[in-house]
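# An overview of the molecular structure
For reference, the chains in residue letters:
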Amino acid sequence: MAAALQTLGGGIGITLHWIAFTPTIEQQATEEQKKKWLKLAQDVAIVGAYAQTEMGHGTFVRGLETTATYDPSTQEFVINSPTLTSTKWWPGGLGKTANHATVMAQLYTRGKCYGPHNFMVQIRSLENHQPCPGVTLGDIGPKMESNGNDNGFARFDHVRIPRENMLMKFARVEADGTYVQPPSSKLAYSNMVYLRGTFVMSAAQALASATTIAVRYSCVRRQSEMKPGEPEPQILEYQTQQYKLFPQLAAAYAFWFASWFMTQQHGSITGSMEKGDMSGLAELHALSAGLKSYTTAVTARGIDVCRMACGGHGYSHASGLPALFGGAAALCTAEGENTVMMLQTARYLVKCFAQSQAGKRLTGTVAYLSAVQPSPVAGNRNMSDLGTLVAAFQHRAARMVRHAAMQMQGEMQKGKAREDAWNSCSVLLIKAAEAHVHSFVVRNFAETVQTVEVDESVRAVLTSLCQLYSLYGITEHAGDFLKDGYLTGRDIDAASSHLSAMLARVRPDAVALVDAFDLHDKILRSVLGRYDGRVYEHLYEWAKKSPLNKSEVHESYYKYLQPFLKSNRAKL
Ligand SMILES: CC/C=C\C/C=C\C/C=C\CCCC(=O)SCCNC(=O)CCNC(=O)[C@H](O)C(C)(C)COP(=O)(O)OP(=O)(O)OC[C@H]1O[C@@H](n2cnc3c(N)ncnc32)[C@H](O)[C@@H]1OP(=O)(O)O
Ligand SMILES: Cc1cc2nc3c(=O)[nH]c(=O)nc-3n(C[C@H](O)[C@H](O)[C@H](O)COP(=O)(O)OP(=O)(O)OC[C@H]3O[C@@H](n4cnc5c(N)ncnc54)[C@H](O)[C@@H]3O)c2cc1C
């Protein structure tokens, strides 16, 4: 159903109904409210948008301007867009598809503002789909990609909704206007934590798609002469092509496994929160924010590497790669802009570092911050041993977290306000948080390949892939590992040699590794990545279907080219 609606094309999009609107009801509505809206949403008897971002604010949720003012005389909230910049802007499906929206608005009752809360607002008639009274709706116009989704705008002119339309699982407003505090003010943000977690799998799937296309095409494409007089080789025989594609393939597996961990963590921690134990919320927020930021950024870059590795045909929409890149680029901005998210992870790391300095034993994904020795122990390390590689990434992250935190402490000791010290160290903080997330991904990859229930021959291939991913990370960020002498130049040379060996070792299994993603041609939507490998025949068929080929001589010839040529010839 969703796919059908999605492919109806121009002007409608139901993605956000599934990934944002419905989960918000699930996570933020009371049982009573779920009885009213959840089944309607699950059966697509209503279609919803998640309307949080405004023209003037997306990142800074506390700065949102839309207001929800409680009127105790009628027991209603009045939803209003007081300024142009308060116009809801970007929500998927808001322009033309949705007839309901969860609207994030500043809650006012008894003259006091209690910050952003979610409200259920009907925005279009269920009879004729016209905007409801007081609601102005529209599409925000063409975007970089995903133009099948009607990302829209909405303005509210004192629209009245019943008190019961405030999603009241956590915070409440009583009939007389009394505000009841939630266990944590950040529970209103819970849907964002959930969605960021799902982005890790979205990134893994996007990178899996791109590597499937590029690896398969690299087995079909033959180009140049590796040895004079010999037949043109498959381009996947070139080590440079393997160096482009196999680290992306390894990252796809790494992120896939990281998303398993994210899903398990989200379920476990939100389960505890249902019982009133909020202790895991901070770690869940930091992990989902950091993993979302890291995996989407690496994925977007990786898809473009795959696109370039396919030469000219990679640049054609026939490859499916430009669309994949556009979608992945959106993931870097949506659901929390990547820099802002990584800074949230950095904020958590600085707090954990301070706790560790005060003698607290850290647990969870930051446990290594307590355990890692500050002084490096240089020596000839076995750079093909997964334990050695994991330890190197954890040492790097611990050193960078410590350095950033100490730098910040130093700035404050010079008299800088905490906020100013934070800002002047934020590049260091971002790099430290990225190193932390990278070390988590490596550790989780290594633990997964060592414990996952597979045939030993498969474990051997996955182990090689994990080594390749780790060695690639070390050689790409060699300076971080050399800085305090933890790794030596000889270690880095050994890592490079092992990486070359891993490229050669993964080559025979490359096609099997992408086939294992089991992505049907209908999902890949790529002439280059077809399972049957019949690229050239289908490329020609695809081109012939181009709208420009409907007529032999395009109308633009008669309108523009012909008179232009004629006038130029007349001047000769
Ligand atoms: C499955 C996908 C398939 C396909 C995808 C295709 C297309 C997808 C396209 C679109 C989907 C995306 C839709 C959207 O974009 S919805 C809108 C998303 N918007 C955001 O994410 C906004 C980002 N901004 C924020 O989250 C916040 O403003 C903030 C940056 C986190 C800052 O919040 P603020 O209240 O100012 O907090 P701070 O002062 O920075 O920190 C205070 C305190 O709060 C803790 N905190 C912050 N956020 C959370 C949270 N979510 N959960 C728990 N705790 C949180 C923070 O750690 C800090 O704690 P301290 O103890 O350090 O004080
Ligand atoms: C495809 C797509 C779909 C979307 N779907 C939805 C949706 O369904 N519902 C919805 O509500 N929203 C949606 N959004 C909006 C999205 O959530 C916001 O665009 C996103 O949160 C970024 O906020 P912003 O646009 O205000 O960027 P800004 O925050 O203005 O970012 C601009 C720059 O400012 C920097 N910056 C901002 N704050 C800080 C800081 N504190 N420290 C350092 N640097 C900072 C950022 O790093 C960035 O470089 C969608 C966006 C896209 C692209």
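In this text the structure is predicted, and so the values were computed from the model without any measurement.

The rules behind these values
- Residues numbered from 1 in each chain as written.
- Chains lettered and ligands numbered in written order.
- Predicted model: local features only at pLDDT ≥ 70, side-chain atom pairs only at ≥ 80, totals over all residues.
- Heavy atoms only, no water.
- Core = buried A, V, L, I, M, F, W, Y, C linked by side-chain atoms within 4.5 Å.
- Buried < 20%, exposed > 50% of the residue type's maximum accessible area, 1.4 Å probe, protein only.
- Helix = DSSP H or I, 4+ residues; strand = E, 2+ residues; numbered from the N terminus.
- Contact = heavy atoms within 4.5 Å.
- UniProt positions renumbered as here; feature names shortened; annotations may be inferred.
- Near = heavy atom within 4 Å.
- Polar contact = N/O pair within 3.5 Å; in protein donor to acceptor, adjacent residues only side chain to side chain.
- Areas by Shrake-Rupley, 256 points an atom, 1.4 Å probe, with all protein chains shown as cover.
- Pairing = 2+ DSSP bridges.
- Salt bridge = Lys/Arg side-chain N within 4 Å of Asp/Glu carboxyl O.

### Observations concerning the nonpolar core
Counting 114 residues, the largest nonpolar core has F255, Y469 and I474 as its most contacted members. Examining the composition of this core, we find that 14 residues originate from one element, helix α5 (residues 239-274), more than from any other. Sequence-distant contacts of Y469, that is, excluding residues within four places in its chain, are made with P247, A250, A251, A254, F255, Y294, H438, V441, V442 and F445. Counting residues in each nonpolar core, the second largest holds 27 residues, with A101, A105, L107 and C132 among its members.

### Some words on the UniProt feature "domain: Acyl-CoA oxidase C-terminal" (unreviewed entry) in the protein chain
Under the UniProt annotation, "domain: Acyl-CoA oxidase C-terminal" (unreviewed entry) lies at residues 386-566. Annotated as residues 386-566, this span is 76% helix and 0% strand, and its ends, taken at the C-alpha atoms, are 71 Å apart.

### Details of the site of ligand 1
Residues in contact with ligand 1 amount to 29 residues; listed here are only the nearest, T59, K186, R196, R347 and K351. The separation between a nitrogen atom of ligand 1 and a polar side-chain atom of Q52 is 3.2 Å. At 3.2 Å, a side-chain N or O of Y189 approaches an oxygen atom of ligand 1. Within the complex, the protein chains bury 79% of what would otherwise be the 1,300 Å² of accessible surface of ligand 1.

### Let's talk about the pairing of strand β3 (residues 76-80)
Burial analysis of β3 places four of its five residues in the buried class, which makes it a mostly covered element. The pairing of strand β2 (residues 67-71) with β3 spans five bridges and is classified as antiparallel. Residue T69 lies in a different strand from β3, and its bridge partner there is V78. Adjacent in sequence and paired antiparallel, β2 and β3 are bridged by four residues, among which Q75 carries a positive phi angle near 55 degrees. Strand direction decides the pairing type here: β3 and strand β9 (residues 159-162), joined by four bridges, are antiparallel. Directly across from F77, in β9, lies its bridge partner I161.

### What about the side chain of T448?
Among the secondary structure elements, T448 is positioned in helix α13 (residues 426-451). In this structure, T448 is in contact with F257 and W260, ignoring residues within four places of it in sequence.

### Brief notes about the site of ligand 2
The full set close to ligand 2 counts 19 residues, and Y50, T53, G58, T59 and E337 are the nearest of them. Contact distances for ligand 2 include 3.0 Å between an oxygen atom and a backbone N or O atom of G58. A distance of 3.0 Å separates an oxygen atom of ligand 2 from a polar backbone atom of G92. Within the complex, the protein chains bury 62% of what would otherwise be the 960 Å² of accessible surface of ligand 2. When contributions to the shell around ligand 2 are tallied by element, the ones reaching two or more residues are α8 (321-333) and α9 (338-357). With three residues, α9 is the single largest residue contributor to the shell around ligand 2.

### Looking at the pattern of salt bridges
Note that side chains of opposite charge can pair when their charged atoms are close. What the rule picks out here adds up to 21 salt bridges. Notably, a salt bridge pairs E54 with K88, separated by 3.0 Å at the nearest N-O pair. Residue E54 is found in the loop between β1 (48-51) and β2, and its partner K88 is found in strand β4 (residues 88-89); the two are separated by 34 residues along the sequence. One salt bridge connects E447 with R443, and the closest N-O pair in it is separated by 3.1 Å. Residue E447 and its partner R443 are both found in helix α13; the two are separated by four residues, about one turn of the helix. Residue classification places E447 among the partly exposed positions, given a relative accessible area of 37%. Each of D71, E76 and R160 takes part in salt bridges that share partners, so that together they form one network.

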